[in-house]
Each structure stands twice: as C-alpha cells, then as structure tokens.
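# Coordinate inspection notes
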Amino acid sequence: MAQFDDPQVSKLGIGELNDLDKVVSECRLCHRLVEWREQAASEKRASFRDDDYWGRAVPSFGPADASILVVGLAPAAHGANRTGRMFTGDRSGDWLYRAIWQAGLANQPESTAADDGLELIKTRITSIVRCAPPANKPTVQERDQCLPYLRREIELLAQLQVIVCLGSFAWENCARELGVRPRPRFTHGLEHKVGGVTLLCSYHPSQRNTFTGLLTEEMLGDIFQRAAELAR
C-alpha cells in the first residue's frame, strides 16, 4: 500500500482506523468549518428540528478490511453533519447506498441514521474534507488541513484495491496524493491504476447531477459493479 513521508501524518500517531475515526470526530483545526458545522447543528433545517445533530467532523464509515474506498467532497450540512455518518440523511446518500447495495457491497439499500443496522461489505466511505463547508466549498487551506487524515487512512487500509472518486474534486486530490503524473482529465468512468490501486471516477451523485440527468442510477450502478469486479 502507498506510504507517505509526511510529518503531519507521523505526528498523528495513529495505528488503527478506529483511532483515526476518533481523532477525526474530535478535530477542530479549521475555525471557519467548526463555526459553520456547529451553526448548522444549532439552527437546524425545519424538517429536522427534532433531530439531535452530530455537528462535528464526520469519521469514515466501513470496515477495516475494505478493499474499496469511496471518496466524496465533504459532508452535507443537514446530511452527514446531522446524522454523523458519511453520505447519510440526504438524497446524494440515497443514490450512493442504493448503488452500493445493488453491487453486493452492503446488507441493505438505505442509510438513514447511524443506528439503522447498515453494514458495508469490503467497502469504506470517506471524503476529502471531513466537515461540512459553507456553500459546499472548502478553502485550499481547509483541504490541506484535512488531507493527512486521508493519507493515513490509505496507509491503514491494507487490502485496498479500488478508490472510487465521486466528482472531480475527489479525483484531483486522490490522484495527487497517490502521485498520478501526468494526471488524466476527470471523466465519468475513468480508470487509472497506480501502485496496485485502481482509481475509478464517477460523477458525484449531487442533486444538480441527478436532477439534470448528467448522472443516472444506471451509470452510478455500473461504477460500483465495476468497483466490485476490480476488487475481486
């Protein structure tokens, strides 16, 4: 697996994925993001006014023996920032988990809450930035503060074979971290193998992409069928 000579990673002193998830959930490095995620958790969306929001950085979700890592941009303010689980509680997550289940990588097609009984099979889900950013746009500095978590996660996933990049932001950052040079232009369905890991690209299942038909359920399903095939 990829190894990174990064002093920030070394300073984390993290030896297991459970430890990494705990460190992430307690992270307060980016003041703007901390303020925004806590504001969203306090003000809430009207439809979720009775919910207790997570309101913290969101750890990854999935087993330590994952051979597939799914990488998004960042948690949604009223999705993962509310539920405490990546891609859970919004329409993007509805599409994502249904496609994962159809590929045989989950025990159920829905992810609604952290205690809903969902289990992923050989699959782990994370994002480049672990806090919900205003307008879904983290700054370069915020991204750089978070990337050591991704680096350490990749190191600790000993069986990793496939990284599914949801959107160009995930692709560009995963490709940079794994040293892809030259870096092919992002396209849906792009595959690029580096150091024993295949990077597989998909349009992000955002409402903008799904409402316009840029991404269909069949297209997303094909990505995860391919990921499962590559990981076998």
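Residues numbered from 1 in each chain as written. Predicted model: local features only at pLDDT ≥ 70, side-chain atom pairs only at ≥ 80, totals over all residues. Heavy atoms only, no water.

## A word on the environment of C131
Note that C131 resides in the loop between β2 (123-127) and α6 (140-156). A sequence separation of 97 residues divides C131 from V34, and the C-alpha atoms of the two residues are 7.5 Å apart. Sequence-distant contacts of C131, defined by excluding residues within four places in its chain, comprise L33, R37, A57, A74 and P75. (Helix = DSSP H or I, 4+ residues; strand = E, 2+ residues; numbered from the N terminus. Contact = heavy atoms within 4.5 Å.)

## Observations regarding the sheet that holds strand β3 (residues 162-166)
The strand order across the open sheet formed by five strands is β2-β1-β3-β5-β4, and the pairing between neighbours is mixed. The open sheet has two edge strands, β2 and β4 (191-194), and neither has a second partner. Taken pair by pair, the neighbouring strands of this sheet meet at an average axis angle of 20 degrees, ignoring direction. For strand β1 (residues 68-72) and β3, the ladder comprises four bridges, and the chain directions are parallel. Across the sheet, the residue bridging to L69 is I163, located in β3. (Pairing = 2+ DSSP bridges. Axes fitted to C-alpha atoms, helices over the stretch in contact; angles between N-to-C directions.)

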